[in-house]
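Working through the structure, step by step
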Amino acid sequence: MLQIYNTLNRRKEPFEPLKAGHVGLYVCGVTVYDECHVGHGRVMIVYDVLYRHLQAAGYLVNYVRNITDVDDKIIKRAAENNVSPSDLSQRYIDEMHADERALNVLPPTHEPRATESIKSMVRIIGRLIDSGHAYAADNGDVFYSVKSFAEYGKLSGRKIDELRAGERVAVDEYKRDPLDFVLWKASKPDEPSWPSPWGDGRPGWHIECSAMSMDLLGEEFDIHGGGADLQFPHHENEIAQSEALTGGRFARYWMHNGLVRIGDEKMSKSLNNFLTIRDVLAQYSGEEIRTFIIGSHYRSPLNYTSEALLAARTALRRFYTALRGRPVQRAALADAHAVDPALLDAGYVERFNAAMDDDLNTPEALAVLHELANTLNKEAQLDSERSIRLASTLVCLGGRLGILDRDPELVLQGEGDSDGPTAEQIDALIDERRTAREAKDFARSDQIRDELAAQGVVLEDAGGKTTWRRD
RNA sequence: GGCUGAGUGGCAGAGUGGCUAUGCACCGGAUUGCAAAUCCGUUUACCUCGGUUCGACUCCGGGCUCAGCCUCCA
């Protein structure tokens, strides 16, 4: 049974969905004013792995991940670039989708944009004002009254008094209390705006997620996820708005992924120390990035280093080497819910599931795959029944993590790699080398191997045959 | 200052109140014409000080160090 660490209670809890067999999952997506960086990539991948695991466990998952496409930064960046905010956000949405494809991230069930749910936001804000949880200020802004919600702080473990003592909240003359946050922002003349009972304006960030999640998942739903940096104030505010509105529970399980660091510091736009997914893709494959991400537990901080990326590359090469030449019925494994158990090794599947059920312990799951690869390597015969079953298990379980779904031959031979000799040239040299070896002309044979090695091509003689791969 | 969380072998990174994590690296061996890949074996741990316990890296408390949040942030 799946256990999830619930930030609300600070412990692992058995996952019990509201409605048997169904899961409503909401994840805070990105604000689209720039390219996605590795930290965004981690969110995409972590919840993609959760999505895949839930599906494999037989759940019908309604996975919602929003797009914030109205925001101060978008407006500012659009003005700088002399384009409309909607053109700017559309451009970065397209780029985000390209990044996701490169990282083998499945599209969520719904990907709502904030600008498509403005009516819901206005309705919610109106009700919050009616019930005394919000107030309209004289300048057209609407604020949420934090002290009107007794449980404020329950997610992040803060108390209103302590926050107040911090004295770091910006003072705003229109706020009744410095802790209050904006639900609706009056717009300036040249900014995007929508009509509302409080004048033309646009929504605050926090209300967007409450509106979109409730629109698509209902007032109460199963899992809400996002980066650890959103815990406070964003998620705290979502809870305050939503539970004040409905009087009931909002999300039942709160999941927070750890942040990506670089040089022991959080990778972020504001620190300007980020690498975009695109930057990294110039050097490493999406699958390598993905393997790097799932190599640590999702709640831990993760340091970005080239050593770690190279380690991920090595790990993948080991898996693909183990799979090379072994027949696998890929088609039969494609549908995660409907794999015939007879095709798989029950022991490894069980260990893998146990790791994943333990709050998505992907490093442990990966360790199981390494042991599986080891067992597979010991099975000398490529097409024995056992070999096929083990290889199928490796591919199937790898697929649950979103890796190992490519043709080993193509991966090892550097699919799409344009530098270096062509496959035909390599094959010709291998032929020549074989002739030399048969004549015991090892000088020539080694010369050919060295020349290819210098061009990044590694030859391997095994079982009387020579195979090659690009390094 | 307050609130979270973390400190594991050369590196990355799981986990457990007493039993091999795993991968990379290192060393030795098998295999190979030599390599590569693979297999086998070996070495190196649990921040610190107390407490609980027959026994703690694992539980409890103090300390130290680090990170995140308290302002937009995945």
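As shown above, the structure is provided for reference.
Presented here is an overview of the structure given in this document. As the structure is a prediction and not an experimental result, all values here were calculated from the model. (Residues numbered from 1 in each chain as written. Chains lettered and ligands numbered in written order. Predicted model: local features only at pLDDT ≥ 70, side-chain atom pairs only at ≥ 80, totals over all residues. Heavy atoms only, no water.)

**With respect to the state of the cysteines**
Counted by the stated rule, this structure contains zero disulfides. With no disulfide of its own, C28 has C209 as its nearest cysteine by sulfur position, at a separation of 3.8 Å. The buried category is assigned to C209, whose relative accessible area is 1%. (Disulfide = S-S within 2.5 Å. Buried < 20%, exposed > 50% of the residue type's maximum accessible area, 1.4 Å probe, protein only.)

**Overview of the pattern of salt bridges**
All chains considered together, the criterion is met by 35 salt bridges. Across the salt bridge formed by R65 and E111, the nearest N and O atoms sit 3.1 Å from each other. Placement of the pair is R65 in strand β4 (residues 60-65) and E111 in the loop between α3 (85-102) and α4 (118-130), with a sequence separation of 46 residues. Where D471 meets R317, a salt bridge forms, and the shortest distance between an N and an O atom there is 2.7 Å. Of this pair, D471 sits in the segment after β15 (465-470) while R317 sits in helix α10 (residues 306-323); the two residues are 154 residues apart in sequence, bridging distant segments of the chain. The exposure class of D471 is exposed, given its relative accessible area of 60%. R317 sits in the partly exposed class, given a relative accessible area of 26%. (Salt bridge = Lys/Arg side-chain N within 4 Å of Asp/Glu carboxyl O. Helix = DSSP H or I, 4+ residues; strand = E, 2+ residues; numbered from the N terminus.)

**Some points on the sheet that holds strand β11 (residues 260-262)**
With respect to topology, three strands assemble into an open sheet ordered β12-β11-β13, the strand pairing being mixed. Looking along the sheet, the strands with just one partner apiece sit at the ends: β12 (265-266) and β13 (302-303). (Pairing = 2+ DSSP bridges.)

**Observations concerning the protein's contact with RNA strand B**
Residues in contact with RNA strand B amount to 60 residues; listed here are only the nearest, W205, G227, L230, K266 and R449. Across the atoms of RNA strand B situated within 4 Å of the protein, the share located in sugar and phosphate is 65%. Contacts to RNA strand B include E364, whose side-chain N or O atom sits 2.9 Å from a sugar or linking oxygen. For RNA strand B, a phosphate oxygen lies 2.9 Å from a polar atom in the side chain of N374. Take the surface near RNA strand B: its biggest share by element is eight residues, from helix α13 (residues 362-378). Here the residues of the surface near RNA strand B are counted per class, giving 15 nonpolar, 24 polar and 21 charged. (Near = heavy atom within 4 Å. Polar contact = N/O pair within 3.5 Å; in protein donor to acceptor, adjacent residues only side chain to side chain. Nonpolar A, V, L, I, M, F, W, Y, C, P; charged D, E, K, R; others polar.)

**What about the environment of E415?**
Note on placement: E415 falls in the loop between α15 (408-412) and α16 (423-438). The contact partners of E415, leaving out residues within four places of it in the chain, are R406 and L410. (Contact = heavy atoms within 4.5 Å.)

**Re the packing of helix α1 (residues 38-56) against helix α9 (residues 286-294)**
Where α1 contacts α9, the axes come no closer than 10 Å and their chain directions differ by 75°. The angle between α1 and α9 places the two elements in the roughly perpendicular class. Along the contact surface, α1 presents V38, R42, I45, D48, V49 and R52, while α9 presents R290, I293 and I294. (Axes fitted to C-alpha atoms, helices over the stretch in contact; angles between N-to-C directions. Parallel < 35°, antiparallel > 145°, perpendicular 65-115°, else oblique.)

**A closer look at the nonpolar core**
Grouped together as the largest cluster of nonpolar side chains are 82 residues, with contacts concentrated most on F15, L54, I223, Y304, L369, L394 and L401. The element best represented in this core is α1, accounting for 10 residues. Excluding anything up to four places from it in sequence, L394 contacts F319, L323, L369, L372, A373, L376 and L404. Core analysis: the second largest hydrophobic core is formed by 41 residues, C28, I125, V146 and W254 among them. (Core = buried A, V, L, I, M, F, W, Y, C linked by side-chain atoms within 4.5 Å.)

**Overview of the pairing of strand β9 (residues 221-227)**
Counting buried residues in β9 gives seven out of seven residues, a clear majority hidden from the surface. As judged from the three bridges shared by strand β3 (residues 22-27) and β9, these two strands associate in the parallel manner. From the neighbouring strand, L25 faces β9, where its bridge partner is I223. Each parallel crossover has a hand, and the one from β9 via helix α7 (residues 231-246) to strand β10 (residues 251-257) is right-handed. (Right-handed = clockwise from strand over helix to strand, strands pointing away.)

**Quick notes on α10**
Helix length check: α10 (18 residues) gives 26 Å between terminal C-alpha atoms against 26 Å at 1.5 Å per residue, within 8%. Regarding α10, the residues found buried are L309, A312, A315, L316, F319, Y320, A322 and L323. For α10, the angular spread of the buried residues around the axis is 160°, confining them to a single face. Here the buried face of α10 lies against α9, α13, α14 (385-400) and α15. (Expected span 1.5 Å × (residues − 1). Arc of directions from axis to C-beta.)

**Some remarks on the packing of aromatic side chains**
Considering all chains together, one arrives at 11 aromatic pairs under this definition. Relative to Y253, the ring of F15 has its centre 5.1 Å away and its plane inclined at 55°; by these criteria the two rings are tilted. Pair noted here: F15 is in the loop between β2 (11-14) and β3 and Y253 is in strand β10, with a separation of 238 residues, a long-range link. Ring centres 5.8 Å apart and planes at 85° place the aromatic pair F292 and Y304 in the edge-to-face group. Linking F292 in helix α9 with Y304 in the loop between β13 and α10, this pair joins segments that are 12 residues apart in sequence. By relative accessible area, which is 5% here, F292 ends up buried. Put simply, the rings of Y26, F221, F250 and W254 pair up and form one aromatic cluster. Lying across the ring of Y135, R176 places its NZ or CZ 3.9 Å from the centre. One residue, K269, lies across the ring of Y33, its end atom 4.7 Å from the ring centre. (Phe/Tyr/Trp six-rings, centres within 6.5 Å; stacked < 30°, edge-to-face > 60°. Lys NZ or Arg CZ within 6 Å of the ring centre and 35° of its normal.)

So far we have only geometry, and geometry alone does not tell us how the molecule works.
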